[in-house]
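Observations on chain architecture
Now for the letters of each chain:
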Amino acid sequence: MFASLVSPRRLMIAVAAAMVTGLCATAAPPAGAAEPARPERVASSDHQGDRVIHLALSKSRILDFEDDIRDVLVSDPKVADAVVRSSRRLYLIGNKFGTTNVVVFGSAGRPIANLEIQVEVDTSSLENLLKRLLPRSSIRVEAVAGTVILSGTVGSAAEAVQAYEVASRFIGSDTSSQGSTSASTGSGTTGTTTAGSSTGSGPQVVNALTIGGKDQVMLKVTIAEMQREVIKKLGIDVSADGGTHWANAISQSNPFPITSGTTPNSYGFSYSGAGTTVTAKLQALEQNSLMKTLAEPNLSALSGEQAQFLVGGEYPIPVSQSSGSSGNTIGIEFKTYGIALNFQPVVLAEDRINLTVKTEVSELTSDGAVTIGSLTVPALRVRRASTTLEIPSGGAMVLGGLIKDDVRQALAGTPGLMKLPILGNLFRSRDFQHSQSELVIFIQPVVVHPVAAAKLQRPDANFRPTGDASAIFMGRLNRVYRTNGQSPNGSYTGRVGYIFD
């Protein structure tokens, strides 16, 4: 059926055309395919000096010589290999990172080329990979003596770490012993420079990238504490004196063991008759105290650097010192106390800040104080908190739960008599103390920019001291400025003026 429709001549023409089309399609390279490596010419004069050839790992170079090649000498075949494919063509193949020497001898037995082979990282491929993974960065890759150096600018510290890890994996470097890269900071537009290198016997990576993003962090801290203490004391001291018959037969003084440093009020009663004197003293005290502690320190630090803050003081502590032949002497050391803050920010990205915060609130107290002779060394009550977290710029965190609730109570008196109903109150004392405190710390990190000096104002900029006449007759400490008969437009509502709480 087909043979009757198509003539044999037309069939042969179609087959021939198809064969020509297939051959043309086979010979034509596909679009976007890499061009084959072009051979490099080596002149006969190259043997007079060393020729340095940079060879990428696991890649080859083709060299064409003007003279015939008789022999090739490779000093370290593990680093690079040389293969002669024809009388005048030489193939160089990079096997391992390092340097080696290749000497090519001609037909007369004389050297016609001395090649210094340096097998290095394919920096162009690594640079293109980093540019594709980190499009906002501008990273340059250089290979020097088996070391890969990353330089340029990245947007954040996280991108710097990511570029370092990608480069280490690309060249097959061992990063397990490299815990983290160290960070050093600069000022102005230089930002933060993260520098580190991988360790091991293989090629190394040196991270010299510069962080061009905002890397100055201000930490707004509010430390608020409320303390409340209740002290109650009640006791009766009785003494009786019978004169010459039984002098001081009864003498009872009940102690207050918990709050011995607080002296209660005393109310005395005395009776004399028939040569006998009876004295009773009632000691009673009820004390309520309330204290508020508030501190709002603001600190600024560069990314990766520490900032410290302390509001308080130092108290002396006696320390024994040796002074040779004169014997031991007592010296003085000072210990700090108050509200302390230590923080270290690391800007990971525009909206991510890694923050390490250490804060401490301490105060002097007589509880636990040490007395040496006539010298009393106070103790230190400390509340301390430390944490590491990630928080966005402008976000806030709260360190709470620093609550103290102490209840102490003691009864002291005469054994047996202090347990009598009703009358036992004459032979015992009651000491009661209840202490409550709560400490809350609010932390807010903010990425900040430098501010112009013209926008800053001193707290005493508008203060002017008054004259003697105004201070004596008007009782003013500062000058008051008014407009001459002019009232401001509009009206004021609410509390206006200088307000002191």
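In case you missed it, the structure is sitting above this.
Now for a description of the structure that goes with this document. (Residues numbered from 1 in each chain as written. Predicted model: local features only at pLDDT ≥ 70, side-chain atom pairs only at ≥ 80, totals over all residues. Heavy atoms only, no water.)

Each helix and strand counted, the protein has five helices and 24 strands in total. Looking at the 501 residues of the protein, the share that counts as buried comes to 30%. For the protein, restricting intrachain contacts to residue pairs at least 6 apart in sequence, the fraction spanning at least 24 positions comes to 59%. Accessible area of the protein: about 32000 Å², with a carbon and sulfur share of 54%. (Helix = DSSP H or I, 4+ residues; strand = E, 2+ residues; numbered from the N terminus. Buried < 20%, exposed > 50% of the residue type's maximum accessible area, 1.4 Å probe, protein only. Contact = heavy atoms within 4.5 Å. Areas by Shrake-Rupley, 256 points an atom, 1.4 Å probe, with all protein chains shown as cover.)

A separate point is the nonpolar core. With 21 residues, the main nonpolar core has Leu130, Ile139, Val141, Val148, Leu150, Val205 and Leu209 as its most contacted residues. Residue assignment for this core shows that the elements contributing at least two residues are α3 (123-133), β9 (138-144), β10 (147-154), α4 (157-171) and β13 (204-211). Looking at this core, the element that brings in the most residues is α4, giving seven residues. Setting aside anything within four residues of it in sequence, one finds Leu150 in contact with Leu130, Ile139, Arg140, Val141, Ala163, Tyr164, Ala167, Val205, Val206, Asn207, Ala208 and Leu209. Listed in part, the 20 residues of the second largest apolar core include Leu299, Ala385, Met397 and Ile443. (Core = buried A, V, L, I, M, F, W, Y, C linked by side-chain atoms within 4.5 Å.)

Secondary-structure assignment places Glu225 in strand β14 (residues 216-241). Here the side chain of Glu225 touches Gln227 through a polar contact of 2.8 Å, side chain to side chain. Looking at Glu225, its side chain comes within polar contact range of the side chain of Arg383, at 2.4 Å. Non-local contacts of Glu225, meaning those with residues more than four positions away in its chain, are made with Met291, Lys292, Thr293, Val361, Arg383, Ser437, Glu438 and Leu439. (Polar contact = N/O pair within 3.5 Å; in protein donor to acceptor, adjacent residues only side chain to side chain.)

On to the pattern of salt bridges. Under the counting rule described, the total for this entry stands at nine salt bridges. Residues Arg110 and Asp67 are paired through a salt bridge, measuring 3.5 Å at the closest nitrogen-oxygen approach. One end of the pair, Arg110, is in the loop between β7 (98-106) and β8 (111-120); the other, Asp67, is in the loop between β3 (60-65) and β4 (69-74), with 43 residues separating them in the sequence. The class of Asp67 is partly exposed, set by a relative accessible area of 23%. The network of salt bridges with shared partners includes Glu225, Glu363, Arg381 and Arg383. (Salt bridge = Lys/Arg side-chain N within 4 Å of Asp/Glu carboxyl O.)

Glancing now at a nonpolar patch on the surface. Side chains of Leu417, Leu420, Ile422, Leu423 and Leu426 sit close together on the surface and give an oily, nonpolar patch of about 460 Å² of accessible area. Turning to its location among the elements, Leu426 is positioned in the loop between β23 (397-413) and β24 (428-447). A relative accessible area of 35% places Leu426 in the partly exposed class. (Patch = residues over 30% accessible without salt bridge, like charges linked within 9 Å, V, L, I, M, F, W, Y side chains within 5 Å.)

Further remarks concern the side chain of Ser137. Tracing the backbone through its elements, the reader meets Ser137 in the loop between α3 and β9. We classify Ser137 as buried; its relative accessible area is 11%. Polar side-chain contacts of Ser137 include one of 2.7 Å to the backbone oxygen of Leu134. With residues up to four places along the chain from it excluded, the contact list for Ser137 reads Leu130, Thr153, Val154 and Glu159.

Here we take up α3. Those residues of α3 that sit buried are Leu126, Leu129 and Leu130. Taken around the axis of α3, the buried residues stretch over an arc of 95°, which confines them to a single face. Those residues of α3 that are exposed and aimed more than 90 degrees away from the buried face are Lys131 and Arg132. Packed against the buried residues of α3 are β9, β10 and α4. (Arc of directions from axis to C-beta.)

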